[in-house]
Structures are given as structure tokens and as C-alpha cells.
Amino acid sequence: MFLNQLPTSPNPNNVNTTKECNSIPNVVKLNDLKSMVEENAVIVFSKQGCCMSHVVKRLLHGLGANTPVYEVEEKDLNDVVHELEKMDEGDHVQFPVVFIGGRWFGGLDRVMAAHITGELTPLLKKAGALWL
């Protein structure tokens, strides 16, 4: 298995623990990543243990989005990066990678900038990630 999903809601002690998601083949396929993106209003791809991904997750969760975060294991990193680059027309991938409404949104800097300017909440609403 190359991806782990972090829980989307905090536990009573506010400690984040890693929970395994359904088994995914070791060979990363573009269709697998595309289906993950299409099935979620918002999704974050992260390197395992990345603190910047934790920041993005906490911000999105704080706004009310129930965002899955998929941590890519080190051994599968190159394959996942290669497939993610195909989805973003070849741009250099930097983790975390955030998709909103099935489209590549960006990383931590883009999420933070959109939040500061007030653009993030309407985007999340439009994507169906927020119910307000």
C-alpha cells in the first residue's frame, strides 16, 4: 500500500493518528489518482509526515471542509509525483498538492493566499466542500 489517509475529524484528545485506507496497488496509475480527485470536493496529497500538509489540513478543517489527506510513502514518491505532474500539465510538484472541485488548485502558498484574500471559502462552497 502506498497511501495512508489521515482521519478527517479530530479525536477527543486532539491527536492526529494515521489510519490505513483501502489497499491500492503499488503501481501508481493516473486513473487511480484521477478517480480520487473526482470523488472528493477537496483532496490533499502529501508526503508522509509533511508538516505543511498538516497546516493545509487544519486550515481546511477549520473552515468546515471534510478533507481527505493522502500521505504518499517515500518508496512511491517518484511514481506519484510523475502522475500528479501529468494532471497539472507537467508543472513541478511540491507537496502538499491540493485539488478543489476536481481541479489542481496548488500548494500551501496558494491555499494560504486564497484564504487571506477571502477567495478560499467561496471556492470550497462552489466545489461542494462546504454546506453553508
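Residues numbered from 1 in each chain as written. Predicted model: local features only at pLDDT ≥ 70, side-chain atom pairs only at ≥ 80, totals over all residues. Heavy atoms only, no water.

**Some thoughts on the nonpolar core**
So, step 1. Of all hydrophobic cores here, the largest spans 17 residues; its most connected members are Val42, Leu60, Val98, Ile100, Leu120 and Leu124.
So, step 2. For this core, the secondary-structure elements that each account for two or more residues are strand E3 (42-47), helix H2 (51-63), strand E5 (97-100), helix H4 (108-116) and helix H5 (120-127).
So, step 3. Apart from the residues lying within four places of it in its own chain, the contact partners of isoleucine 100 are Ala41, Val42, Phe105, Leu120, Leu123, Leu124 and Ala127.
So, step 4. By size, the runner-up hydrophobic cluster in this structure holds 15 residues, among which are Tyr70, Val81, Leu84 and Phe99. (Core = buried A, V, L, I, M, F, W, Y, C linked by side-chain atoms within 4.5 Å. Buried < 20%, exposed > 50% of the residue type's maximum accessible area, 1.4 Å probe, protein only. Helix = DSSP H or I, 4+ residues; strand = E, 2+ residues; numbered from the N terminus. Contact = heavy atoms within 4.5 Å.)

**Focus: the side chain of serine 53**
So, step 1. Tracing the sequence through the fold places serine 53 in helix H2.
So, step 2. Non-local contacts of serine 53, meaning those with residues more than four positions away in its chain, are made with Ser46 and Pro96.

**Some remarks on the pattern of salt bridges**
So, step 1. One pass over the full model with this rule turns up 3 salt bridges.
So, step 2. Put simply, glutamate 73 and lysine 75 hold a salt bridge, and the shortest N to O gap is 3.8 Å.
So, step 3. Judged by its relative accessible area of 56%, lysine 75 is exposed.
So, step 4. Of the charged contacts in the structure, one is a salt bridge between glutamate 83 and lysine 86, with a shortest N-O distance of 3.4 Å. Here glutamate 83 pairs with lysine 86, and both are found in helix H3 (residues 77-87), just 3 residues apart, close to one helical turn.
So, step 5. Its relative accessible area of 9% is what places glutamate 83 among the buried residues.
So, step 6. One salt-bridge network, in which partners are shared between bridges, spans Glu73, Lys75 and Asp76. (Salt bridge = Lys/Arg side-chain N within 4 Å of Asp/Glu carboxyl O.)

That is the geometry; function is a separate question.
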